[in-house]
Amino acid sequence: MNILITICARGGSKGIPGKNIKPLCGRPLIAYTIDTARQFAAQYPGTDIALSTDSDEIRHVAHTCGLDSDYTRPESLAGDTVGKIDAIADIVRYSETQYGKRYDYVLDMDVTSPLRNLADLNAAFDLLQADTQAVNLFSVSPAGRSPYFNMVERNENGYYDKVKSVGDVLARQAAPKVYDLNASFYFYRREFFDAGYKGAITDRSLIYEVPHLCFDLDHPIDFEIISYLMEHHKLDFAL
C-alpha cells in the first residue's frame, strides 16, 4: 500500500504572521505536524511525506525538523483564493512522477491545527479503509452552534431566521447533530483526485470525531490559548 502524506504551508498569513513556523513551546509550529506524520509513516513502508510551500523560509525550517523538499508550489496555487484541493492534487502528481508510483491514499495534515496524535490518525484511517464506497474522510469536533437552533441568516424579505429548519426545535439538544471541521487532517482515496472534486466535502465523505480538544489557529488569541494549554499541561490527551 502506497501512501502520500502532504503538509501544506503557505508563506503568507493574514491572521498570525509567520504562523506555520512560529515558535510554540520552543519548537516551530510545523515541527509538531512533521513529527506526527513521521510516526504514521513509520507504520507503512510505502509512505512518503511531501511538503507543499511557496516559502524558502518554511522549507528551511522544515529541513531543520527533518523534512526535506525540492518541490515548490506554483505561484498559481499559492494565493489566498486558491482551493487547497488543487494544491494537494499538484503535489500528488509531482510525487508520483518523482517516486515512480501511484498512491492508494493521501493524508493531508494541516500545520495550523496540530492537536492530533497517532491514535487519531490510525482510528480515522481504519474508518476510511472499512468503507470502500467513501472517497475521503476529514476530522471534526462537536459544534458549539447549530444551524437548526442558534445560527441565523438573512431571508429574502430582509428578516432573519434559522439557517435550517426541521420541525419545532426548541432546545439545542433536540437538534440534529452537527460538527465543526477542525482542519486537523484529511484522508483521501486516490480516486478522489481522479474524480475532480474541488472541495473536501463530497457526496461520499466520512468524518472522524476527534475525542479531545482540537482547533485551528486562525487568530493571535488562538496561539496564546494553545501556548497556555501546552505550557501548563492542560491538554486532555497526549500530543
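Just above, that's the structure.
Quick look at the structure, then. Just so it is clear, the structure is predicted and the values come from calculations on it, not from any experiment.

**Remarks on the environment of T64**
- Mapped onto the elements of the fold, T64 is located in helix α2 (residues 56–64).
- Exposure remark for T64: the relative accessible area of 54% places this residue in the exposed category.
- In this structure the C-alpha to C-alpha distance between T64 and A31, which are 33 residues apart in sequence, comes to 9.0 Å.

**Re the side chain of T202**
- Structurally, T202 is set in the loop between α5 (190–194) and β10 (205–209).
- Residue T202 is classed as buried on the basis of its relative accessible area, which comes to 16%.
- Within the structure, the side chain of T202 is placed 2.9 Å from the backbone nitrogen of R204, a separation counted as a polar contact.

**Examining helix α3 (residues 84–99)**
- The first and last C-alpha atoms of α3 sit 22 Å apart over 16 residues, in line with the 22 Å expected at 1.5 Å per residue.
- Turning to α3, its buried residues number three or more, namely I85, A87, I88, A89, D90, I91, V92, S95 and E96.
- Of the residues trailing α3, G100 is marked for its positive phi of about 65°.

**Digging into the sheet that holds strand β5 (residues 105–110)**
- Across the sheet, which stays open at both edges, the 6 strands sit in the order β4-β1-β5-β9-β6-β10 with mixed pairing between neighbours. Each edge of the open sheet carries a strand with a single partner, namely β4 (46–52) and β10. Each neighbouring strand pair of the sheet contributes to a mean axis angle of 25°, computed without reference to strand direction.
- Two elements, strand β1 (residues 2–8) and β4, share 7 bridges in a ladder whose sense is parallel.

**Thoughts on the packing of helix α1 (residues 29–41) against helix α4 (residues 118–130)**
- Running from N to C, α1 and α4 point in directions that differ by 50°, and their axes come no closer than 9 Å. With respect to each other, α1 and α4 are oriented oblique. Between α1 and α4 the crossing geometry is right-handed. Counted together, T36, Q39 and F40 of α1 and L118, L121, N122 and F125 of α4 form the full contact between these two elements.

**What to know about the nonpolar core**
- If you look at the biggest cluster of nonpolar residues, it comprises 47 residues, and the most contacted ones within it are I5, I7, I30, F40, L107, F185 and F187.
- The greatest single-element share of this core, amounting to 8 residues, is contributed by α1.
- Here L107 is in contact with L4, I5, T6, F40, L121, F185, Y186 and F187, once residues within four sequence places are set aside.
- Judged by nonpolar contacts, the second largest core, of 20 residues, contains L4, C8, A50 and Y186.

**Points about unusual backbone geometry**
- The backbone of A183 shows a phi angle near 60°, a positive value even though the residue is not glycine.
- Topologically, A183 is positioned in strand β9 (residues 179–189).
- Non-glycine residue H233 carries a positive phi angle of around 55°.
- Turning to its location among the elements, H233 is positioned in the segment after α6 (220–231).

**Brief notes about the pairing of β9**
- Judged by how many residues are buried, β9 sits mostly within the fold: 8 of 11 residues are covered.
- In the sheet, β5 pairs with β9 via 5 bridges, with the strands oriented antiparallel. Bridge pairing in β9 places Y105 opposite R189.
- Inspection of the sheet shows strand β6 (residues 136–142) paired to β9 by 6 bridges, in the antiparallel sense. Counted as the bridge partner of V140 is L181 from β9.

Definitions and cut-offs
Residues numbered from 1 in each chain as written. Predicted model: local features only at pLDDT ≥ 70, side-chain atom pairs only at ≥ 80, totals over all residues. Heavy atoms only, no water. Helix = DSSP H or I, 4+ residues; strand = E, 2+ residues; numbered from the N terminus. Buried < 20%, exposed > 50% of the residue type's maximum accessible area, 1.4 Å probe, protein only. Polar contact = N/O pair within 3.5 Å; in protein donor to acceptor, adjacent residues only side chain to side chain. Expected span 1.5 Å × (residues − 1). Pairing = 2+ DSSP bridges. Axes fitted to C-alpha atoms, helices over the stretch in contact; angles between N-to-C directions. Parallel < 35°, antiparallel > 145°, perpendicular 65-115°, else oblique. Left-handed = near helix turned anticlockwise from the far one by under 90°. Contact = heavy atoms within 4.5 Å. Core = buried A, V, L, I, M, F, W, Y, C linked by side-chain atoms within 4.5 Å.

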